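Here is how the chains run, residue by residue.
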Amino acid sequence: MQQALHHLFDKFNGTFQSLKEEVAEGEDIDHRLYTASPPRHTRPNCISIFPIPASVNYVAKTIPGVPILHQDYAPLSLLARVLSSTFLHKEIREKGGAYGAGLSVGNTTMSFYSYRDPNVQQTYDVFDKSADFISGKDGIREEDVVEAKLSLFGDFDSPVSPFNKGSNLFELGISNHVVERQRTNLYQVQRDDMLRVGEKYLRPLKEECSLAWLGPEQEVGEAKELAEERVEIADQ
């Protein structure tokens, strides 16, 4: 316990000193969250298989994304919200029988996921068809864009408990200034921006994705075979 506390204090001191030095030198402390081009191939593609004592599956597919202040982060965030509430929900939960599914956007990565899912192959196929849905005639509507913005702004404006105040800056380097820039970027996103990033980032590429599966031990072989069809493992 004492060792863990020392590690936590050392991390805090290091973060504080780093920020103080950058401010003293007149640097923008947000520069680490912005690049003109998203990083690609930051780590080898992989397939992770975890047998667990369960009768259903938990599936994830991770693909490259962009940093938080990249120009494409805001439309990707809105796109993820739309896909999660429309296409993924309908195809994986309502038709496939999973308890839930969605697409989450993080700093430089995006992850499709499903949980308590009885149909792994169908779920993988739905993940790969997301870009087709976006560009199709029944894809993103203007009302979907408005609803996604209202939903994300609701997240921004939700109350923050005293326990969590300052945690984003301490753990991720996300200042209040970054949050306000995110709000501005989200407000400016149009439907065409979402169509553009959907085509650019969500087309299935075997050489740029990793898959994870948790499920019944007796289905390990099938899960591995399905994953290997969709991922090109990088040379070690």
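Model, not experiment: these values are computed from the prediction.

Calculation rules
Residues numbered from 1 in each chain as written. Predicted model: local features only at pLDDT ≥ 70, side-chain atom pairs only at ≥ 80, totals over all residues. Heavy atoms only, no water. Helix = DSSP H or I, 4+ residues; strand = E, 2+ residues; numbered from the N terminus. Contact = heavy atoms within 4.5 Å. Areas by Shrake-Rupley, 256 points an atom, 1.4 Å probe, with all protein chains shown as cover. Buried < 20%, exposed > 50% of the residue type's maximum accessible area, 1.4 Å probe, protein only. Salt bridge = Lys/Arg side-chain N within 4 Å of Asp/Glu carboxyl O. Disulfide = S-S within 2.5 Å. Core = buried A, V, L, I, M, F, W, Y, C linked by side-chain atoms within 4.5 Å.

### Some points on the overall build of the chain
When its secondary structure is counted, the chain shows 10 helices and five strands. Taking as baseline every contact in the chain between residues at least 6 positions apart, the subset at least 24 positions apart corresponds to 79%. Accessible area of the chain: about 14,000 Å², with a carbon and sulfur share of 52%.

### Here's the deal with unusual backbone geometry
At T108, a residue that is not glycine, the phi angle is positive and equals roughly 85°. Owing to a relative accessible area of 25%, T108 belongs among the partly exposed residues under this scheme. The phi angle at R116 is positive, at roughly 50°, despite the residue not being glycine. Relative to the assigned elements, R116 resides in strand 4 (residues 109-117).

### Some points on the pattern of salt bridges
Pairing between side chains of opposite charge can happen when the charged atoms of each approach one another. Within the structure shown, the criterion is met by 12 salt bridges. A salt bridge links R230 to D128, with the nearest nitrogen and oxygen atoms 3.7 Å apart. Taken together, the positions of R230 in the segment after helix 10 (220-228) and D128 in helix 4 (residues 120-128) put the pair 102 residues apart, joining distant regions of the chain. For R230, a relative accessible area of 14% gives the class buried. Between D132 and R203 there is a salt bridge, and its shortest N-O distance comes to 2.5 Å.

### Quick notes on the state of the cysteines
Disulfides are covalent bonds that link the sulfur atoms of two cysteine residues. Per the stated rule, a full pass over the model turns up zero disulfides. The thiol of C46 is not disulfide-bonded; the next cysteine sulfur, from C209, is found 9.5 Å away. Residue classification places C46 among the partly exposed positions, given a relative accessible area of 27%. Here C209 falls in the buried class, since its relative accessible area comes to 3%.

### Some details on the nonpolar core
Counting residues in hydrophobic clusters, the biggest one holds 48 residues, and the most contacted among them are L79, L83, L88, Y124, M194 and L202. For this core, the element with the most residues is helix 2 (residues 73-85), which contributes eight residues. Discounting chain neighbours no more than four positions away, the residues touching L79 are I134, I140, M194, V197, G198 and L202.

### With respect to the environment of F87
Here F87 is to be found in helix 3 (residues 87-95). Considered as a pair, F87 and I134 are 47 residues apart in the sequence and their alpha carbons are 8.9 Å apart. If we ignore the near neighbours within four places in the chain, the residues touching F87 are V82, V126, K129, S130 and F133.

Any functional reading would require information beyond the geometric quantities listed.
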